[in-house]
Amino acid sequence: MDISLPSPKPPPHLILIHSHKHLLHHHHQASMQNSSYHHHATTTMSITTSTSSSTNDEKKWAEKLLRECAKAISDKDSTKIHHFLWMLNELSSPYGDTDQKLASYFLQALFCKATDSGDRSFNTLISIAEKNHCFETARKVILKFQEVSPWTTFGHVASNCAILEALEGEAKLHIIDMSNTYCTQWPTLLEALATRNDDTPHLRLSVVVSARAGGAVIKEIGQRMEKFARLMGVPFEFQVVSGFTRLGELKKEDFSLREDEVVAINLIGALRRVNIDERSDFLRMIHQLKPKVVTVVEEEADFTSNKDVFVMCFEECLRFYGVFFEMLQESFGVSTSNERLMLERECSRSILSVLACEGDGGGGGGNGEYYYCERREKGRQWSERLRGVEFMPVNLSDDALDDVRALLKRYQGGWSLVTSTRNSTSSQGEDDDDDHGCFGVYLAWKDEAVVWASAWKPS
Amino acid sequence: MKRSFEMHGTLELIHPSEQWDCAPMSFKAARQYTGVDISDFMEHVARQLSENSENTADGFSMESLSNETFTPSNREYHPRKQARTYYNNSDIDGGNAEELQWINGTQSYDNMINMTKNKSGDHHHHHQNDQQGLSLITLLMECAVAISVDNLEEANKMLLELTQIASPYSASCAERVVAYFAKAMARRVMSSCLGGGTIMYSPLLQTKAILSAFQTFNTISPFIKFAHFTANQAILEAFHQRDRVHIIDLDIMQGLQWPALFHILATRPEGPPHVRMTAMGTSYEALEETGRQLSGFARRLGISFEFHPVGRKPGEVDPAMVQTRRGETIAVHWLQHSLYDAIGVNWKTMRLLEMIAPRVITLVEQEMPPHSGQFLERFVGALHYYSTIFDSLGATLGCEDVNRHKVEHWMLEREINNVLAVGGGEEEMFGGWRTELVRRGFAQVPMSGNSMTQAQLILNMFPAMHGYTIQQGDGTLRLGWKETGLYTASVWTSPRLMR
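Per an unreviewed UniProt entry, the recorded name for chain B is Transcription factor GRAS domain-containing protein, and the organism is Dioscorea alata.

As annotated in an unreviewed UniProt entry, chain A carries the name Transcription factor GRAS domain-containing protein and comes from Dioscorea alata.

(A) Molecular detail of the overall build of chain A. Counting its regular elements, chain A contains 16 helices and 13 strands. When each of the 459 residues of chain A is scored for burial, the buried share is 54%. For chain A, the proportion of contacts with a sequence separation of at least 24, taken over those separated by at least 6, is 78%. Accessible surface for chain A amounts to roughly 19600 Å². Of this, 48% is attributable to carbon and sulfur atoms.

(B) Fine view of the overall build of chain B. Counting its regular elements, chain B contains 16 helices and 9 strands. Buried residues in chain B amount to 63% of all 499 residues. Taken as a whole, chain B presents about 18700 Å² of accessible surface, with 49% of it coming from carbon and sulfur.

(C) Molecular detail of the state of the cysteines. Scanning the entire structure with this criterion turns up 0 disulfides over all chains. We note that Cys347(A) lacks a disulfide partner, and the nearest cysteine sulfur, in Cys317(A), lies 9.5 Å from it. Using a relative accessible area of 7% as the deciding quantity, one classes Cys347(A) as buried. Cys143(B) takes part in no disulfide bond, and the closest cysteine sulfur, belonging to Cys193(B), lies 12 Å away.

(D) Geometry of the pairing of strand S8 (residues 476-481) of chain B. All names here are of chain B. In terms of burial, S8 is a largely internal element, 6 of the 6 residues being buried. Judged by which residues are buried, S8 turns out to be covered on both faces: Thr476, Arg478 and Gly480 on one side and Leu477, Leu479 and Trp481 on the other are all buried. Pairing geometry for strand S7 (residues 468-473) and S8, over 6 bridges, is antiparallel. Each bridged residue has a counterpart across the sheet, and for threonine 469 the counterpart in S8 is glycine 480. Following S7, the chain reverses through 2 residues before pairing antiparallel with S8; aspartate 474 in that reversal takes a positive phi of roughly 55°. Relative to strand S9 (residues 484-493), S8 runs antiparallel, the two sharing 5 bridges. When the sheet's bridge partners are listed, leucine 477 is paired in S9 with alanine 489. Between S8 and the antiparallel strand that follows it, S9, lie 2 residues; lysine 482 among them carries a positive phi value of about 55°.

(E) Representation of the packing of aromatic side chains. Tallying each qualifying case throughout the model produces 28 aromatic pairs over all chains. Taking 6.2 Å as the distance between ring centres and 35° as the angle between the ring planes, the aromatic pair formed by Phe310(A) and Phe314(A) counts as tilted. Note that Phe310(A) and Phe314(A) are positioned in helix H13 (residues 310-332) at a spacing of 4 residues, about one turn of the helix. One aromatic cluster is present, built from ring pairs that chain together Phe181(B), Phe217(B), Phe223(B), Phe375(B), Phe379(B), Tyr385(B), Tyr386(B), Phe462(B), Tyr468(B), Trp481(B) and Tyr487(B).

(F) Region of interest: the nonpolar core. Of all hydrophobic cores here, the largest spans 220 residues; its most connected members are Phe106(A), Leu355(A), Phe181(B), Phe262(B), Phe379(B) and Tyr386(B). Among the elements that take part in this core, H13(A) stands out by supplying 13 residues, more than any other. When residues are assigned to domains, this core turns out to be shared by domain 1 (38-200) and domain 2 (211-369 + 427-498) of chain B, each giving three or more. Not counting residues within four places of it along the chain, the set of residues in contact with Phe106(A) comprises Leu66(A), Phe314(A), Cys317(A), Leu318(A), Tyr321(A), Ile351(A) and Leu355(A). Counting 30 residues, the second-largest nonpolar core is a separate cluster that includes Leu250(A), Leu271(A), Val296(A) and Leu386(A).

(G) Examining the environment of Asp399(A) more closely. The residue Asp399(A) is located in helix H16 (residues 398-409) in this model. Sequence separation between Asp399(A) and Cys161(A) is 238 residues; the distance between their C-alpha atoms is 8.3 Å.

(H) Layout of the pattern of salt bridges. Residue and element names in this part refer to chain A. Applying the stated criterion across every chain, the model contains 47 salt bridges over all chains. Lysine 60 is paired through a salt bridge with glutamate 326; the nearest N and O atoms lie 3.2 Å apart. Of this pair, lysine 60 sits in the loop between helix H3 (56-59) and helix H4 (61-75) while glutamate 326 is found in helix H13, placing the two residues 266 residues apart along the sequence. Among the residues examined, glutamate 326 registers a relative accessible area of 29% and is labelled partly exposed. Among the ionic contacts, a cluster of salt bridges with common partners joins Arg272, Arg273, Glu298, Glu299, Glu374 and Arg376.

(I) Local environment of helix H7 (residues 118-131) of chain A. Look at H7(A): 20 Å from first C-alpha to last across 14 residues, which is about the 20 Å you get at 1.5 Å a residue. The set of residues buried in H7(A) consists of Gly118(A), Ser121(A), Phe122(A), Thr124(A), Leu125(A), Ile126(A) and Ile128(A).

(J) The confidence of the model for chain B, seen in detail. Residues and elements named next belong to chain B. Mean pLDDT over chain B stands at 75; residues scoring 70 or higher make up 68%. For residues 18-40, every residue scores under 50 in pLDDT, and the model assigns this stretch 41 contacts once sequence neighbours within four places are set aside. In this model residues 48-127 is a low-confidence stretch, pLDDT under 50, and it forms 101 contacts with partners more than four residues away in sequence or in other chains.

(K) Local environment of the environment of Ala270(A). Residues and elements named next belong to chain A. Along the chain, alanine 270 turns up in the loop between strand S6 (262-268) and helix H12 (279-288). By relative accessible area, alanine 270 is classed as buried at 4%. Those residues in contact with alanine 270 that lie beyond four places of it in its chain are Met178, Leu247 and Glu298.

(L) Looking closely at the packing of helix H9 (residues 153-166) of chain A against H16(A). Residue and element names in this part refer to chain A. Two elements in contact, H9 and H16, have axes whose closest approach is 9 Å; the angle formed by their N-to-C orientations is 155°. Between H9 and H16, the angle falls in the class roughly antiparallel. H16 is crossed by H9, and the crossing has right-handed handedness. Facing Thr153, Phe154, Val157, Ala158, Cys161 and Glu165 of H9, the residues of H16 in contact are Ala400, Asp403, Val404 and Leu407. In terms of residue class, the contact of H9 with H16 is made up of 7 nonpolar, 1 polar and 2 charged.

(M) Molecular detail of a negative patch on the surface. Taken together, the side chains of Glu165(A), Asp398(A), Asp399(A) and Asp403(A) define an acidic patch exposed on the protein surface. In terms of residues, the negative patch owes the most to one element, H16(A), which gives 3 residues.

(N) Inspection of unusual backbone geometry at higher detail. For Lys76(A), which is not a glycine, the phi torsion comes out positive at approximately 55°. If you trace the backbone, Lys76(A) turns up in the loop between H4 and helix H5 (78-91). Lys76(A) gets classed as exposed once you look at its relative accessible area, which sits at 61%. Positioned with a positive phi, Lys482(B) is a non-glycine residue whose angle comes to about 55°. Following the sequence through the fold, Lys482(B) ends up in the loop between S8 and S9.

Reading guide: rules and limits
Residues numbered from 1 in each chain as written. Chains lettered and ligands numbered in written order. Predicted model: local features only at pLDDT ≥ 70, side-chain atom pairs only at ≥ 80, totals over all residues. Heavy atoms only, no water. Helix = DSSP H or I, 4+ residues; strand = E, 2+ residues; numbered from the N terminus. Buried < 20%, exposed > 50% of the residue type's maximum accessible area, 1.4 Å probe, protein only. Contact = heavy atoms within 4.5 Å. Areas by Shrake-Rupley, 256 points an atom, 1.4 Å probe, with all protein chains shown as cover. Disulfide = S-S within 2.5 Å. Pairing = 2+ DSSP bridges. Phe/Tyr/Trp six-rings, centres within 6.5 Å; stacked < 30°, edge-to-face > 60°. Core = buried A, V, L, I, M, F, W, Y, C linked by side-chain atoms within 4.5 Å. Domains from an automatic or database assignment. Salt bridge = Lys/Arg side-chain N within 4 Å of Asp/Glu carboxyl O. Expected span 1.5 Å × (residues − 1). pLDDT = per-residue confidence, 0-100. Axes fitted to C-alpha atoms, helices over the stretch in contact; angles between N-to-C directions. Parallel < 35°, antiparallel > 145°, perpendicular 65-115°, else oblique. Left-handed = near helix turned anticlockwise from the far one by under 90°. Nonpolar A, V, L, I, M, F, W, Y, C, P; charged D, E, K, R; others polar. Patch = residues over 30% accessible without salt bridge, like charges linked within 9 Å, V, L, I, M, F, W, Y side chains within 5 Å. Lys, Arg positive; Asp, Glu negative; His and termini not counted. Charge placed at Lys NZ, Arg CZ, Asp CG, Glu CD.

As structure tokens, then:
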């Protein structure tokens, strides 16, 4: 793609002011003038298209434009910001190919960033999503996603293995589940409990849900779990832990621990939802629950250490979601999937939250509104935190690794398991040193680490 | 890019048995799509939706229907009474007539919603889909109203909702339409915020994809063939007993139209004429490829052929770029579409036509209000138009059909975008092609019976033929879906050459 921009000559009234209201006020004012208003703004841009077989250049136009736009925002270059937002607006579509989609969703975030309207837009998006949240749809989406991609099932298999091994022989199990996969993890575990040995243990499952996350949905889930457990012949108790607005608010007492039970804590996509400055305390609280094992699964991206450097955070965001969208494209195969669309829309909210919202993430202020923090950290970073509050890593057994490999075989090519501490981003000489390494295993897509799974116990 | 120059053996153009009659007929301006009564439109849309759901093939089970799309609580979507108070409170300069119309529309819409709610029980699951579709369209219309009065903040909120809920892969055609319209309107709102007035910009980054989608559209829908074959028939008649002819195609795309004409020219009793072709298009490379293909084809048929590519949009063509020669008979073909931004096309093209003074102009245009009108009028016209096309596609292709999606995304989404985009910057009102041609002294030539026959034959090729309709009127031929005309073909001649 060959884009030629003329020397930028901004029309006099075009001032990108960092205030959404002001921008609209400005426009409104201008449109009150006579209809010849529209004639003032003539910025001529032409694109010469290279219609030869699509080169790599043409394929990655979205990343280039987005990057330029982010830089312009960081430099506060109003003219350039206008140019790039405008071009992205023209070229993007959430219903097209991967480039068009990335352009579309990132454009929304960049526009909100440039006009300081991130929090407001995010709140609107969240309330729309919550209004339309229903069990059947959510279930369809996650099941379809699990059918075409091991993105979530990888963590499930690794965690279940770690939990079963740690709680071997125990009679009363209490699993505290903070995850984002609608309990799709547990049927397999229940089945394993039922078939392993003669004495089926009693399982209590406490599921942590935020206040706003839809009571109806979790109720439905609970009923199904109870039914399934009955079918499996596993003595089962289902509990919901709710009534808080931030994960950081949770306390030991909220879990009503009992004397005779053994605790396992399952954190899938949970730690990133804790406000950054509350993470250490949160982990300390987890420690206080005296778990026999803590399983942690997180997506491999870092939106935390760079949160104050916009361009760096943007780059990381673009990298991660670029991979995710491509993965979705290849995993789903067809372009016309509603489930994929919903996953993409979910991503768009995350992107908006990370790039355009104040503080740790979108959501209300301290008025008791639920915070939607989405600041991911990489496995190495989480490992540091966990070790810092006196957790030590538990290696996944060979059997567990075999199970994971078997899982990956069931999916289309491109997926692999990475076990050494050396992942694609770490440099050569680091891996043997326990103190600097990280732990757990990685799911890699086309040799890029995307999901991290690990197990821990109090040291 | 695979080129398929299908020879429609069954669609031989019909040799004119008579001299081409170019006595002009008095042209009664075709009924323009003016400020529509919104309640009638909504009724029409509702009727179409209910008919469409009755025709939906592969019987959806009740469960899958209620589950497959997002199901907002229906309470939320009843037309909000606030719509009226909002209007009363806003400062509109002299928008009173529109205001009243809208309010009347909302009232009768209320009645209609009640009517649809009382539909019989066995269509309950279709009814649910209806409700969803209707609700979304209502919200979309409210949003359009907000945009038309520059209440961008309100519009933005509604658009956030619409773009999160509507899916372009839904089984409901209405929902698909809403998904694309909402996105187009969101783009417009954003470009307004960015102060984008008339930014002359043709982002044809993906020419190949668009051409490919156009080709697919030609396969799954009869409209393009209708345009091609009715036009070819008229051109053939105009070329009767002429031995030097010059065809000017204002947007040739891949030139799918011309092989059929070449074939019949080659088999004329008096032998083929010498054919010159001047072809416009935005991608020079694509033009060259088209030229190569057509040249080869002509050569195989024994037609002496010249090809002149002009890498411009019709609105950017300087008359000097088109060489005419003495003694040649000129035909100009114009299949109007909205794939490019609508700026500046009309006047320049008109001037070009006046300068060239062709013997025949074959015009096929989309039945939509011109770009220079009011936004709301344009919006309603476009919604009507594209809903109909989406319906026609949905009647034969499943909701997950990849070709359908390709056409809807690469072609229709692009057109909707351009149609709804901010201002054309036209100084004067462009009243629609046919009106303007009359204004400038061109004379209409009624479409012959042969053209009508061509049109019928084309329709016979398409499975959902009972849905497509041909209307004759005012010397034009109109192809549409059910009651809505979509493409109108007409033939014109320059008054200066009546020989």
